[in-house]
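Each chain, letter by letter, is given below.
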Amino acid sequence: MQNKRAVIVGGSVGGLFAGNYLCRRNWDVEILETAPESLASRGQGIARHAELEDLLDLLDVPRGMSGGIDVSGRTAFDRTGAIISQFELDQQLCAWNQVYLSLLDLFPRAQYHGGNIFAGMETTGGVTTVRTTEGRTFEADVVIGADGFRSGVRQIVAPEIQPEYAGYVAWRGTTPESDLSETFRVDIFSHYAFLFMSGSQLIGYPIDGPDGSQLPGERRYTYLWYHPASEEKLADILTDASGKTHEYGIAPHLMRPEHLKTVRENARREMPANFHEAVMRAESTTVQPIYDVDNDHLAFGNVALIGDAAFVARPHVGVGVLKAGQDALALANALADCDSIPEAMARYEAERLPAGKRALNHARNLGAFIQRGLDSPTDDPSLNLPLERIIRVSGRPVEHVIEQGL
Ligand SMILES: Cc1cc2nc3c(=O)[nH]c(=O)nc-3n(C[C@H](O)[C@H](O)[C@H](O)COP(=O)(O)OP(=O)(O)OC[C@H]3O[C@@H](n4cnc5c(N)ncnc54)[C@H](O)[C@@H]3O)c2cc1C
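All values derive from a computational prediction rather than experimental measurement. (Residues numbered from 1 in each chain as written. Predicted model: local features only at pLDDT ≥ 70, side-chain atom pairs only at ≥ 80, totals over all residues. Heavy atoms only, no water.)

### Brief notes about the overall build of the protein
Link 1 in the chain: In terms of helices and strands, the protein carries 12 helices and 17 strands.
Link 2 in the chain: At 21 Å, the protein has a C-alpha radius of gyration in line with the 22 Å of a compact globule built from 406 residues.
Link 3 in the chain: Each of the 406 residues in the protein was classed as buried or not, and the buried ones make up 58%.
Link 4 in the chain: A separation of at least 24 residues holds for 69% of the contacts in the protein among residues at least 6 apart in sequence.
Link 5 in the chain: In the protein, 37 positive and 54 negative side-chain charges are present, and the distance between their average locations comes to 2 Å. (Helix = DSSP H or I, 4+ residues; strand = E, 2+ residues; numbered from the N terminus. Rg over C-alpha atoms; globule rule 2.2 N^0.38 Å. Buried < 20%, exposed > 50% of the residue type's maximum accessible area, 1.4 Å probe, protein only. Contact = heavy atoms within 4.5 Å. Lys, Arg positive; Asp, Glu negative; His and termini not counted. Charge placed at Lys NZ, Arg CZ, Asp CG, Glu CD.)

Take a look at the structure:
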């Protein structure tokens, strides 16, 4: 009997998780990815959760091969730079590309089509023909949209769903450990740090070095600084030197230098001195406009949405990679276990829709004070966000928060 065929649009972590799981279930899989080159040089840091290790274990990724720096707790700093709260929690943080590369290495090269941009699809008799902008076609029994928050697949199956801008951005940057001062390395580097300033919040933590090294001196420090930006301000940030405004996001090399200068000036003005160099010395600064993507369906005939194409929960929850992997596993299991594709799609949606909604709502709550222009999350008690609670419930799956009654 002929194997079932899947075409996956998007070759980042979500697409690669799905591709690898389906290959292990004897599906013939083709992945289409816009980027012609590896994505490994991009990305900053992610929180690694035990659940992510479990997902990688299922693919036999040797533990430790995909990187990770151990930290033993979370620390809240106030706007003067003083420690105001600490919480013990063993966890790992790593560079995004360590997970990406582990997944890419496992996937058959000949079936990964970089530089192939999804252009559309038509279904006849249960078989979908997927077209690329270059005129190539691929036939599929199932199409998986793993093409991120601006998903072109979603545009076709659910055009009414659009990313909603939350009114703030995350500035992100990463600094080699060796470029940081002795003081920073002693006082800040090893903390999973939450810095609370007026109307904004920074999260910083150590990650692996560019080559995956976890050795002292070869690691890096990454930060993510949530900062308000009106629609007009955002449009300006996303406008390059030629006057072109890039909708939704701008590549770092196109960002006008004046914006980088402003971020550094803001850091000097708004941050306590002990955190300045996380921003000042970062060698790769990017801006991520914060969007929500809500959704009521994940399956549309033989088309499924996974990862950020399905839902985007703001980075406060730190589960983007994990959620994409969990979606991919749930879909692959449903396709392997069910007698028919419609049955599998229904099971996948029933399983993963509630999880997506939970993550989305938790993340909205954590970011609400920045969105609403409040000075501090404690200004509105109905948010239930004392600073001690924020460091417990951020950067982890909402299921932990619910199970542990946090
Ligand atoms: C280069 C890169 C770096 C990242 N770095 C971080 C990080 O440091 N920290 C973090 O928390 N999250 C990071 N993310 C986001 C993170 O991967 C996602 O939030 C989450 O893991 C869900 O992954 P995803 O695969 O669903 O979506 P994404 O990771 O957004 O991947 C979507 C993929 O689809 C491709 N694509 C889009 N449109 C088309 C099309 N028409 N045809 C073919 N391919 C298409 C994109 O090029 C992209 O590779 C990064 C994403 C990318 C792409």
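That covers the picture; the talk isn't over yet.
### Concerning the packing of aromatic side chains
Link 1 in the chain: Scanning the model with the defined rule gives 12 aromatic pairs in all.
Link 2 in the chain: Members of the aromatic cluster, connected to one another through ring pairs, are Phe-149, Tyr-165, Tyr-248 and Tyr-291. (Phe/Tyr/Trp six-rings, centres within 6.5 Å; stacked < 30°, edge-to-face > 60°.)

### Structural notes on helix H7 (residues 257-270)
Link 1 in the chain: Between its terminal C-alpha atoms H7 stretches 20 Å, which fits the 20 Å expected from 14 residues at 1.5 Å a residue.
Link 2 in the chain: Within H7, the full set of buried residues consists of His-259, Val-263, Asn-266 and Ala-267. Down the axis of H7, the buried set is contained in an arc of 100°. They therefore lie on one face. In H7, the exposed positions that point more than 90 degrees away from the buried face belong to Pro-257, Lys-261, Arg-268 and Arg-269.
Link 3 in the chain: The inward-facing, buried residues of H7 abut strand E11 (164-176), strand E14 (220-228), helix H6 (231-237) and helix H8 (276-280). (Expected span 1.5 Å × (residues − 1). Arc of directions from axis to C-beta.)

### As for the sheet that holds strand E13 (residues 200-207)
Backbone-to-backbone hydrogen bonds join strands into a sheet, with any given pair of strands oriented parallel or antiparallel.
Link 1 in the chain: Taken together, the 8 strands give an open sheet; going across it, the order is E3-E5-E4-E12-E13-E14-E11-E15, and neighbouring strands pair in mixed fashion. Two strands close off the open sheet at either side, each with one partner strand: strand E3 (45-48) and strand E15 (284-292). Along the sheet, successive strands turn relative to each other by an average axial angle of 30°, direction set aside.
Link 2 in the chain: Two elements, strand E4 (residues 69-77) and strand E12 (residues 192-197), share 4 bridges in a ladder whose sense is parallel. Following the sheet pairing, Ala-76 is matched in E12 by Phe-194.
Link 3 in the chain: Sitting on the sheet, helix H2 (residues 50-57) touches E3 and strand E5 (83-95), and the angle it makes with E3 is about 90°.
Link 4 in the chain: Each of E3 and E5 is contacted by helix H3 (residues 96-106), which is oriented at about 25° to E5, the strand it contacts most. (Pairing = 2+ DSSP bridges. Axes fitted to C-alpha atoms, helices over the stretch in contact; angles between N-to-C directions.)

### Concerning the domain arrangement of the protein
Link 1 in the chain: According to the domain assignment, the protein contains domain 1 (5-61 + 98-163 + 292-367) and domain 2 (70-93 + 166-290).
Link 2 in the chain: Put simply, the middle of domain 1 and the middle of domain 2, counted by C-alpha atoms, are 28 Å apart.
Link 3 in the chain: Each partner contributes residues to the interface: domain 1 has 16 residues there, and domain 2 has 25 residues.
Link 4 in the chain: Between domain 1 and domain 2, the buried area comes to about 1600 Å², and carbon and sulfur atoms account for 48% of it.
Link 5 in the chain: On the domain 1 side of the contact with domain 2, Gln-44, Pro-315 and His-316 bury the most area, a combined 37% of that side's loss.
Link 6 in the chain: For the pair domain 1 and domain 2, the interface holds 9 residue pairs in polar contact (both at pLDDT 80 or more).
Link 7 in the chain: It is E3 that contributes the most residues to the side of domain 1 that touches domain 2, 4 residues altogether.
Link 8 in the chain: Partitioning the side of domain 1 that touches domain 2 into residue classes produces 5 nonpolar, 6 polar and 5 charged. (Domains from an automatic or database assignment. Buried area = accessible area lost by both parts, 1.4 Å probe. Polar contact = N/O pair within 3.5 Å; in protein donor to acceptor, adjacent residues only side chain to side chain. Nonpolar A, V, L, I, M, F, W, Y, C, P; charged D, E, K, R; others polar.)

### Overview of the state of the cysteines
Link 1 in the chain: Scanning the model with the defined rule gives 0 disulfides in all.
Link 2 in the chain: Of all cysteine sulfurs in the structure, the one in Cys-338 sits closest to Cys-23, which takes part in no disulfide; the separation is 20 Å.
Link 3 in the chain: Overall, the relative accessible area of 24% leaves Cys-23 in the partly exposed class. (Disulfide = S-S within 2.5 Å.)

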